[in-house]
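Results of the structural survey
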Amino acid sequence: MGAQFWWFYDVIVAAAILVCMFITIKKGIMKASVSFVGFALSIAIAFSLSSSLSGSLYSTAVRSSNVKKLNQTLENNDFFEELSKYIENLGYNVNIDRNQLKEICFSGEDVDEKLYSYVNNINGRKVDEESSFVNKLHEGYAAIINGLVSKQLSQYSAEYAAEMIRTNPSSFYPFMSLLKDPDTSKPAAEFIVDNYLAKPYTSQVKLIVLLVMLIFFVIITIFIETAAGRNSHMEPSIITHTISGIIGLLKGVVVIVMIAVMIRLYVVMGSDKMLFFNHEAIDKTWVFKYFYNFIKDI
């Protein structure tokens with residue numbers, strides 16, 4: 001849903017460039033030169049400072065908040081109860097002993113193999129091929145963590161954590177071991193935050209800082225540009241028209257970058273599956289996808 005609106009993004013690109021070119025040509029070469037320097041500095045400074053500030057902002061504020069929220073979720077939800085229900089609903093006709101399940105998960109070693117052996121021994125029969133059972137088990141780990149994370153944190157981060165678990169399920173074993181202490185789930189919350197949520201939230205902070213700084217410096221540039229002379233008439237020279245038009249095009253590129261940052265921020269703060277804001281639509285665009293992928297890659 002929404003992929004049919006892929007053209008909407010390219011329309012924005014064309015509109016931003018044409019409007020910026022028209023306004024820049026109309027204002028004249030002097031203001032065009034001032035705005036060129038201002039926009040160039042704006043994007044350079046914003047990208048540079050956002051990279052250096054995002055890491056410290058995440059570690060000093062966002063991480064602790066995420067740990068607190070996830071810790072509350074883990075305190076109010078029993079991971080092993082969820083895992084037991086998941087296995088019981090796989091169609092194997094088994095009833096899972098919660099204490100036995102915890103003992104296996106707390107071991108921290110060969111958890112998948114031990115669970116497979118345990119489930120086979122419940123009714124004294126082979127329930128499934130080991131590879132099939134293990135794949136379903138890994139999907140269960142991912143689905144449960146997805147559900148827990150999304151209760152108080154973003155759906156995007158929950159999906160990211162789930163995908164990381166699917167990609168490297170053995171890295172998930174320590175999480176289950178950390179739940180052994182019934183008095184605190186904070187170490188387990190810290191494990192999820194540091195291993196699966198740091199990257200999406202660092203990206204989120206970086207995008208916010210980048211967007212704020214771009215808007216701030218662009219506004220300053222506009223004020224300086226406005227103060228740089230009062231000529232509001234079209235320049236008579238074709239050369240100056242051309243130069244102003246090129247500068248306007250570059251200004252349009254900066255505006256499109258800002259729009260790409262806003263859309264990417266919308267994705268990482270929520271879900272990438274919502275109406276206009278999905279990758280399928282963006283991937284179909286002719287031009288906008290390059291701006292969006294540039295922002296996504298940084």
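Residue indices follow the written sequence of each chain, beginning from 1 at its first position. In view of the model being predicted, local features appear only for residues whose pLDDT reaches at least 70, and side-chain atom pairs are presented and counted only at 80 or more, with totals across whole chains, interfaces and linings using the full set of residues. Excluded from the side-chain calculation are hydrogens and water; included are all heavy atoms of the structure.

**So, the overall build of the protein chain**
Convention followed: To qualify as a helix, a DSSP run of H or I must reach at least 4 residues; to qualify as a strand, a run of E must reach at least 2; elements of each kind are numbered from the N terminus. Radius of gyration: C-alpha atoms only; globule rule: 2.2 Å multiplied by the number of residues to the exponent 0.38. Any residue under 20% of the maximum accessible area for its type is buried, any over 50% is exposed, and the rest in between are partly exposed; the area is computed with a 1.4 Å probe on protein chains only. In this description, accessible areas are obtained by the Shrake-Rupley approach with a 1.4 Å probe, and a residue is regarded as covered only by the protein chains that are shown. Two residue types count as positive, namely Lys and Arg, and two as negative, namely Asp and Glu; His and chain ends fall outside the count. Taken as the charge location is NZ of Lys, CZ of Arg, CG of Asp or CD of Glu.
Along the backbone of the protein chain there are 12 helices and 2 strands. Listing the helices and strands of the protein chain from first to last along the sequence gives α-α-α-α-α-α-α-α-α-α-β-β-α-α. For 298 residues, the compact-globule estimate of 2.2 N^0.38 gives 19 Å, and the C-alpha radius of gyration of the protein chain, at 26 Å, exceeds that figure by more than 25%. With the principal axes as the frame, the protein chain shows a C-alpha extent of 90 × 40 × 25 Å. Per-residue burial over the protein chain gives 44% buried out of 298 residues. A total accessible area of about 15200 Å² is found for the protein chain, and carbon and sulfur atoms account for 62% of it. Here the protein chain holds 26 positive side-chain charges and 28 negative ones, and the gap between their average locations is 11 Å.

**Quick look at helix α4 (residues 98-107)**
Our working definition: Whether two residues touch is decided by their heavy atoms; if any such pair falls within 4.5 Å, the residues are in contact. In protein, a polar contact requires one atom able to donate a hydrogen and another able to accept it; more generally it is a pair of N or O atoms within 3.5 Å, and residues adjacent in sequence count only if both atoms are side-chain atoms.
Within the span of α4, buried status applies to L101, I104, C105 and F106. Buried residues along α4 sit against α3 (79-88), α5 (111-122) and α8 (173-178). Sitting at the amino-terminal end of α4 is D97, which places a side-chain oxygen 2.9 Å from the backbone nitrogen of N99. Looking one or two places after α4, you find G108, whose phi comes out positive at around 75 degrees.

**A word on helix α7 (residues 155-167)**
Because an α-helix packs 3.6 residues into every turn, residues spaced three or four apart end up facing the same way. Note the threshold: The span one expects for a helix is its residue count, reduced by one, times 1.5 Å.
The end-to-end C-alpha distance of α7 is 18 Å, a good match for the 18 Å that 13 residues give at a rise of 1.5 Å each. Along α7, the positions that sit buried rather than exposed are Y156, S157, A158, E159, A161, A162 and I165.

By themselves, these observations are geometric and do not establish any function.
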